[in-house]
Amino acid sequence: GDSVTQMEGPVTLSEEAFLTINCTYTATGYPSLFWYVQYPGEGLQLLLKATKADDKGSNKGFEATYRKETTSFHLEKGSVQVSDSAVYFCALSDLGRDDKIIFGKGTRLHILP
Amino acid sequence: EAQVTQNPRYLITVTGKKLTVTCSQNMNHEYMSWYRQDPGLGLRQIYYSMNVEVTDKGDVPEGYKVSRKEKRNFPLILESPSPNQTSLYFCASRSRDSSGNTIYFGEGSWLTVV
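Residues numbered from 1 in each chain as written. Chains lettered and ligands numbered in written order. Predicted model: local features only at pLDDT ≥ 70, side-chain atom pairs only at ≥ 80, totals over all residues. Heavy atoms only, no water.

## Describing the sheet that holds strand 9 (residues 75-77) of chain A
Residues and elements named next belong to chain A.
Moving on, step 1. Read across the sheet, four strands follow the order 3-9-8-7 without closing on themselves; strand pairing throughout is antiparallel. Each edge of the sheet is formed by a strand with only one pairing partner; in this case those strands are strand 3 (19-21) and strand 7 (56-59). Geometrically, the sheet is characterised by an average inter-axis angle of 15° between neighbouring strands, direction not taken into account. (Pairing = 2+ DSSP bridges. Helix = DSSP H or I, 4+ residues; strand = E, 2+ residues; numbered from the N terminus. Axes fitted to C-alpha atoms, helices over the stretch in contact; angles between N-to-C directions.)

## Thoughts on the environment of B:Thr20
Residues and elements named next belong to chain B.
Moving on, step 1. Mapped onto the fold, Thr20 is located in strand 3 (residues 19-25).
Moving on, step 2. Take Thr20: its relative accessible area is 35%, and that puts it in the partly exposed class.
Moving on, step 3. C-alpha of Thr20 to C-alpha of Glu30: the two residues are ten residues apart in sequence and 21 Å apart in space.
Moving on, step 4. Setting aside its immediate chain neighbours within four residues, Thr20 contacts Asn7, Pro8, Pro75, Leu76 and Ile77. (Buried < 20%, exposed > 50% of the residue type's maximum accessible area, 1.4 Å probe, protein only. Contact = heavy atoms within 4.5 Å.)

## Examining a nonpolar patch on the surface
Moving on, step 1. Residues B:Ile12, B:Val14 and B:Val114 make up a contiguous nonpolar surface patch of about 300 Å² in total accessible area.
Moving on, step 2. Tracing the chain through its elements places B:Val14 in the loop between strand 2 (10-13) and strand 3. (Patch = residues over 30% accessible without salt bridge, like charges linked within 9 Å, V, L, I, M, F, W, Y side chains within 5 Å. Areas by Shrake-Rupley, 256 points an atom, 1.4 Å probe, with all protein chains shown as cover. Salt bridge = Lys/Arg side-chain N within 4 Å of Asp/Glu carboxyl O.)

## With respect to the pairing of strand 10 (residues 86-93) of chain A
Two faces, one strand: in a regular strand the side chains alternate between the faces of the sheet.
All names here are of chain A.
Moving on, step 1. Of all eight residues that make up strand 10, eight are buried, and the element is covered over most of its length.
Moving on, step 2. Of the two faces of strand 10, both are covered, the one formed by Ala86, Tyr88, Cys90 and Leu92 as well as the one formed by Val87, Phe89, Ala91 and Ser93.
Moving on, step 3. Bridge count for strand 10 against strand 11 (residues 101-103) is three bridges, and the pairing is antiparallel. Residue pairing across strands places Ser93 opposite Ile101, the latter belonging to strand 11.

## Considerations on the interface of chain B and chain A
Where interface size is given, it is often the accessible area lost as the parts come together that is meant.
Moving on, step 1. Counting residues at the interface gives 24 residues for chain B and 22 residues for chain A.
Moving on, step 2. Summed over both partners, the interface of chain B with chain A comes to about 1800 Å²; 55% of that surface belongs to carbon and sulfur atoms.
Moving on, step 3. Where chain B touches chain A, the interface holds zero salt bridges.
Moving on, step 4. Across the contact surface, chain B and chain A share three residue pairs in polar contact (both at pLDDT 80 or more).
Moving on, step 5. Taken together, the elements giving at least two residues each to the side of chain B that touches chain A come down to strand 4 (31-38), strand 5 (42-51) and strand 9 (87-94) of chain B.
Moving on, step 6. Classifying every residue of the side of chain B that touches chain A by side-chain character gives eleven nonpolar, nine polar and four charged. (Buried area = accessible area lost by both parts, 1.4 Å probe. Polar contact = N/O pair within 3.5 Å; in protein donor to acceptor, adjacent residues only side chain to side chain. Nonpolar A, V, L, I, M, F, W, Y, C, P; charged D, E, K, R; others polar.)

## Describing the state of the cysteines
Residue and element names in this part refer to chain A.
Moving on, step 1. Going through the model one piece at a time under the given rule, you end up with two disulfides over all chains.
Moving on, step 2. Paired by a disulfide, Cys23 and Cys90 hold their sulfur atoms 1.9 Å apart. Across the disulfide from Cys23 to Cys90, rotation about the S-S bond amounts to roughly -70°, and the bridge is consequently left-handed. Here Cys90 lies in strand 10 and Cys23 lies in strand 4 (residues 23-26), a separation of 67 residues in the sequence. (Disulfide = S-S within 2.5 Å.)

## Observations concerning the side chain of A:Asp2
All names here are of chain A.
Moving on, step 1. Looking at the secondary structure, you find Asp2 in the segment before strand 1 (3-6).
Moving on, step 2. Relative accessible area serves as the criterion here: at 14%, Asp2 is assigned to the buried category.
Moving on, step 3. Within polar-contact distance, the side chain of Asp2 engages the backbone nitrogen of Thr28 at 3.2 Å.

## Examining the packing of aromatic side chains
Moving on, step 1. According to the stated counting rule, one finds eleven aromatic pairs over all chains in the structure shown.
Moving on, step 2. Each ring, one from A:Phe89 and one from A:Phe103, has its centre 6.2 Å from the other, and the planes form 90°; the classification is edge-to-face. With A:Phe89 in strand 10 and A:Phe103 in strand 11, this pair connects stretches of sequence that are 14 residues apart.
Moving on, step 3. Here the aromatic residues A:Phe34, A:Tyr36, A:Phe89, A:Phe103, B:Tyr35, B:Phe90 and B:Phe105 are joined through ring pairs into a cluster of three or more. (Phe/Tyr/Trp six-rings, centres within 6.5 Å; stacked < 30°, edge-to-face > 60°.)

## Brief notes about the sheet that holds strand 8 (residues 76-78) of chain B
Residues and elements named next belong to chain B.
Moving on, step 1. Spatial ordering of the open sheet is given by 1-3-8-7, a layout of four strands whose pairing is antiparallel. Where the open sheet ends on each side, the last strands, each with one partner, are strand 1 (4-7) and strand 7 (65-66).
Moving on, step 2. Bridging between strand 7 and strand 8 involves two bridges; their strand directions are antiparallel. Looking at the pairing, Val66 lines up with Leu76 of strand 8.

What follows is the structure, encoded as C-alpha cells:
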C-alpha cells in the first residue's frame, strides 16, 4: 500500500540555520503531496502542497518540490526562526481513490535562539 | 470563515462510559474523516465518510463508531472507552471537486480514558 517515510527527529538547529526535512513516499497512483505543521498545543495546519510532478509548494519561507523520479518531497527553509519550532508531517493523498490521507510519523523541530 | 469544529477539546473520562466527540464543518464538504494521533505513530485514520449515510473503516476502527446523518456533521462515538483509546483525535473534511486536495482539520480533541 501507499506509505510515507520521513526523517526521525528531533531535529535541533540554531536560529538562521538551513533546514531540510526529508520525506519519501511510495504510491501506486498519482498522489498529491502535503506538508502539515503542528505547533505546540495546536491542531494541524496545512503548510504547503503540490499536486503533480515538478510542482513546487511554498509558504512562510518553506519550500518543497514534488520529485517523481526520486519519489521525494523534502521540506526546506533557508533561515529558520525560533517560531518554526513545531512538529512537521509529510503526507500524501490519492484523491481518485478514497478519502485517506497517509501521514508520516512526524519530525519534531527545535530551533535554539 | 471555513472551519472544522470539534467538541469537546479536552475530556477525561472513565473506562466504559460512552462518549461522543462531535465534528461539524461549514464548507458543504462531502468527505469527512477521523484520525487519531499517537506518539511515534503519526496520524492514523479511524473512519471516513464520502457522503451522507456513506461511511467506511479506516486503518484503526476497532472500538469506534461513526454516523453521517447530515452532511455537515460526523460524530465519533466510543461506546465503551478503554485506556488504549487515550489519544489526540482530529476530524478532517474536504471537497469532492477539483479543489478537494485541500484538507481542513479541526483543532483536535484530547481524550484521556482512566
